[in-house]
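# Observations on the three-dimensional arrangement
Here is how the chains run, residue by residue.
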Amino acid sequence: MIGLIEQDFKQRRQRLARTLKEGVFILCTAPQVIRNADTHFNYRWDSNFHYLTGFKEPNAVLLMIIHDGLSQDILFCQPKDPDKEIWDGLRLGPEAAVEELAMDEAYSIHELNDRLSHYLTDQTTIFSTWGNKSPLEESIVNAINDIKSRARQGVSAPSQWVDVLSSIHEMRLIKDSSEIAILRHGANIAARAHNRSMLAIKDARYEYEIEAVILHEFKHSGADAPAYPSIVAAGNHATILHYIENNGSLNKKDLMLIDAGCEWQGYASDITRTFPMSGSFSGVQKELYEIVLDAQMKAIDCIKPGIQFNDYHLCAVRALVAGLIDLKLCTGTVDGVIESGDYRRFYMHRTGHWLGRDVHDVGQYSVEGQSRRLEPGMVMTVEPGLYIRADSSVPEQFHGIGIRIEDDVLVTHQGVEILTNQAYKTVDEIESWMNQ
Ligand code: GLY
Ligand code: MN
Ligand code: MN
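Parameters at a glance
Residues numbered from 1 in each chain as written. Chains lettered and ligands numbered in written order. Predicted model: local features only at pLDDT ≥ 70, side-chain atom pairs only at ≥ 80, totals over all residues. Heavy atoms only, no water. Phe/Tyr/Trp six-rings, centres within 6.5 Å; stacked < 30°, edge-to-face > 60°. Helix = DSSP H or I, 4+ residues; strand = E, 2+ residues; numbered from the N terminus. Buried < 20%, exposed > 50% of the residue type's maximum accessible area, 1.4 Å probe, protein only. Lys NZ or Arg CZ within 6 Å of the ring centre and 35° of its normal. Donors = N, O, S within 2.8 Å, 3.2 Å for Na, K, Ca; no water. Tetrahedral: all angles 85-135°; square planar, octahedral: opposite > 155°, others 65-115°. Salt bridge = Lys/Arg side-chain N within 4 Å of Asp/Glu carboxyl O. Pairing = 2+ DSSP bridges. Axes fitted to C-alpha atoms, helices over the stretch in contact; angles between N-to-C directions. Near = heavy atom within 4 Å. Polar contact = N/O pair within 3.5 Å; in protein donor to acceptor, adjacent residues only side chain to side chain. Areas by Shrake-Rupley, 256 points an atom, 1.4 Å probe, with all protein chains shown as cover. Left-handed = near helix turned anticlockwise from the far one by under 90°. Contact = heavy atoms within 4.5 Å. Nonpolar A, V, L, I, M, F, W, Y, C, P; charged D, E, K, R; others polar. Parallel < 35°, antiparallel > 145°, perpendicular 65-115°, else oblique.

We now examine the packing of aromatic side chains. With the rule as written, the count across this model stands at 9 aromatic pairs. Taken together, a centroid distance of 5.1 Å and an interplanar angle of 10° make the contact between tryptophan 354 and tyrosine 365 stacked. Pair noted here: tryptophan 354 is in the loop between helix H12 (334-340) and strand E15 (366-367) and tyrosine 365 is in the loop between H12 and E15, with a separation of 11 residues, a long-range link. An angle of 45° between the planes, with centres 4.8 Å apart, marks the rings of tyrosine 424 and tryptophan 433 as tilted. A relative accessible area of 27% means that tyrosine 424 is categorised as partly exposed. Put simply, the rings of Phe309, Tyr312, Trp354 and Tyr365 pair up and form one aromatic cluster. In this structure, arginine 115 is placed above the aromatic ring of tyrosine 107, and the distance from its NZ or CZ to the ring centre is 3.6 Å.

What follows deals with the coordination of the manganese ion (ligand 3). Distances from the manganese ion (ligand 3) to its protein donors, namely Asp270 (OD), His353 (NE2), Glu383 (OE) and Glu406 (OE), fall within the range 2.0 to 2.2 Å. With 6 donor atoms in place around the manganese ion (ligand 3) and angles of 52 to 154° between them, the coordination shape is irregular. When the donor residues of the manganese ion (ligand 3) are listed from N- to C-terminus, their spacing reads D-x82-H-x29-E-x22-E. Between the two metal centres, the manganese ion (ligand 3) and the manganese ion (ligand 2), the spacing is 3.3 Å, with aspartate 270 acting as a shared donor. In this pair, histidine 353 sits in the loop between H12 and E15 while glutamate 406 sits in the loop between strand E19 (401-404) and strand E20 (407-411), placing the two residues 53 residues apart along the sequence. Owing to a relative accessible area of 0%, glutamate 406 belongs among the buried residues under this scheme.

A few words on the pattern of salt bridges. A side chain with one charge can pair with a side chain of the opposite charge if their charged atoms come near. One pass over the full model with this rule turns up 23 salt bridges. The salt bridge involving glutamate 179 is made with arginine 12; its shortest N-O contact spans 3.5 Å. One end of the pair, glutamate 179, is in helix H8 (residues 177-200); the other, arginine 12, is in helix H1 (residues 6-20), with 167 residues separating them in the sequence. Across the pair, arginine 12 and glutamate 179 agree in class, each one buried. Residue arginine 184 is joined to glutamate 417 by a salt bridge in which the shortest nitrogen-to-oxygen separation is 2.7 Å. Of the two residues, arginine 184 is situated in helix H8 and glutamate 417 in strand E21 (residues 416-418); the sequence distance between them amounts to 233 residues. Taking the relative accessible area as the measure of exposure, arginine 184 reaches 34% and is therefore partly exposed. For glutamate 417, a relative accessible area of 23% translates into the label partly exposed. Each of Arg44, Arg172, Lys175, Glu263, Asp358 and Asp361 takes part in a single network of salt bridges with overlapping partners.

With that settled, the discussion passes to the coordination of the manganese ion (ligand 2). Only Asp259 (OD), Asp259 (OD), Asp270 (OD) and Glu406 (OE) from the protein reach the manganese ion (ligand 2) as donors, at distances of 2.0 to 2.4 Å. For the manganese ion (ligand 2), the 6 donor atoms are set out with angles of 57 to 168° between them, so the coordination reads as irregular. Read in sequence order, the donor residues for the manganese ion (ligand 2) give the motif D-x10-D-x135-E.

Neighbouring strands of a sheet are bound in pairs by backbone hydrogen bonds; such pairs are parallel or else antiparallel. Overall, antiparallel pairing links the 3 strands, which are arranged E17-E20-E21 in an open sheet. The open sheet terminates on both sides in strands that have one partner only, identified here as strand E17 (379-382) and E21. Here the strands of the sheet are splayed against their neighbours by 35° on average, with no regard to which way each runs. Relative to E20, E17 is paired through 4 bridges, and the arrangement is antiparallel. Looking across to E20, one finds that valine 379 is bridged to leucine 410.

Time to look at the site of ligand 1. In the vicinity of ligand 1, the contacting residues are Tyr228, Asp259, Asp270, His353, His360, Glu383 and Glu406. A distance of 3.0 Å separates an oxygen atom of ligand 1 from a polar side-chain atom of histidine 353. Here ligand 1 loses 88% of its free accessible area of 200 Å² to cover by the protein chains.

A word on the packing of H8 against helix H9 (residues 207-220). Between H8 and H9, whose axes approach to 9 Å, the crossing angle comes to 145°. Helix-helix and strand crossings are classified by hand; for H8 and H9 the assignment is right-handed. Contact residues: H8 offers Ile189, Ala190, Arg192, Ala193, Arg196, Ser197 and Ala200, while H9 offers Ile210, Val213, Ile214, His216, Glu217 and Phe218. The class makeup of the residues in the contact of H8 with H9 is 8 nonpolar, 2 polar and 3 charged.

Below, the discussion takes up the packing of helix H10 (residues 283-301) against helix H11 (residues 309-326). Contact geometry of H10 with H11 gives a least axis separation of 8 Å together with a crossing angle of 155°. One element, H10, and the other, H11, form an angle in the roughly antiparallel class. Judged by the sense of rotation from one axis to the other, the crossing of H10 with H11 is right-handed. Taking contact as the criterion, the partners of Ile291, Val292, Asp294, Ala295, Lys298 and Ala299 in H10 are, on H11, Tyr312, Cys315, Ala316, Ala319, Leu320, Gly323 and Leu324.

A few words on unusual backbone geometry. A positive phi angle, near 55°, is found at alanine 102, a position not held by glycine. Relative to the assigned elements, alanine 102 resides in the loop between helix H4 (93-100) and strand E6 (105-108). Located in the positive-phi region is aspartate 122, a residue other than glycine, with phi close to 65°. Along the chain, the position of aspartate 122 falls in the loop between helix H5 (112-120) and strand E7 (125-128).

The structure is reproduced here in structure tokens:
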């Protein structure tokens, strides 16, 4: 069975406590957001909060009292309320939370403000977020002021408020085997969605019909939602990097670029595939596609523990530039074009990002001013592309072509595992799949 159990979350809290050593850790989940009138957007918990608790309800706060690297874990959550539960669904409630979430104690969220000054009294350090003007931040400030007002009773308030996010983000950057199994499963769902899109294009007239196929595969496979707004971009739309209108009509002579991934059990996948809507690449489409594919495969090939994060971007850029020079879209030597940045007219983004609970996941890209060295357990995307707008000054045959090829890869001890390799990618694979 793929998934995480309450003991996995408890172990994460224990690891965090060992890192933080002494103080009080406080973290709230994400707020509910109004969509319009009295209707909310679908609720999405905070990624850090869920990473440490596995708890999906809104209005919850995790508090850990840490002493000598050991923690007492306390959850504040919505109390049971039969009237409200008729409308909004069942709540876990504090009584059940202790066992189901492996907490030491749990209380109603309505008790948080009263209990907070007690927990913070005579502590030196608060580990939390700050600067986001959340209600929790206000509660912490109020608690500190309350303790200070009682100074003559011989009590003291914390003197340090440490932003704790970087400690959690460093933990999240290295995925363990359960997380990798979840990422693999989500990647397979997304790959199926892409493969289905290549077949569905035959009868489709608008981009949104293909978006519907993708959403169907996600929901049908038990995914929570798309991990980000799907990009379904036909022809020139593919040259708009974040095109999400998905309402254009389809000219079957064009390429279709789809960038879509799902969130399954709280983890994202992120795949881009580009394919000819006719089922066969034209000469010029194929020439450009092969350049991007070559750049992507070279970038993947260079990934292994010890290289720097930036290295695979540089590797992709070299291959793209060589291809652009071959097609006379850039002139000069590879080094000269890289130096001048002329290639950025056609390739203006980086080649990847960390992937995990968030599609653009957390974790630093540089350490002490140097691009970070890769380690086993890191997961990232490899996504070079070429984008030639319809109003570009290059020969017209290239106009309106946007190509990106994006896979999700896990750094292993040996090199990489491509998590998304179920999605057809080579010219042969795509054409034979579409013309079966
Ligand atoms: N879909 C967002 C990205 O590829 O980074
Ligand atoms: Mn993407
Ligand atoms: Mn991406």
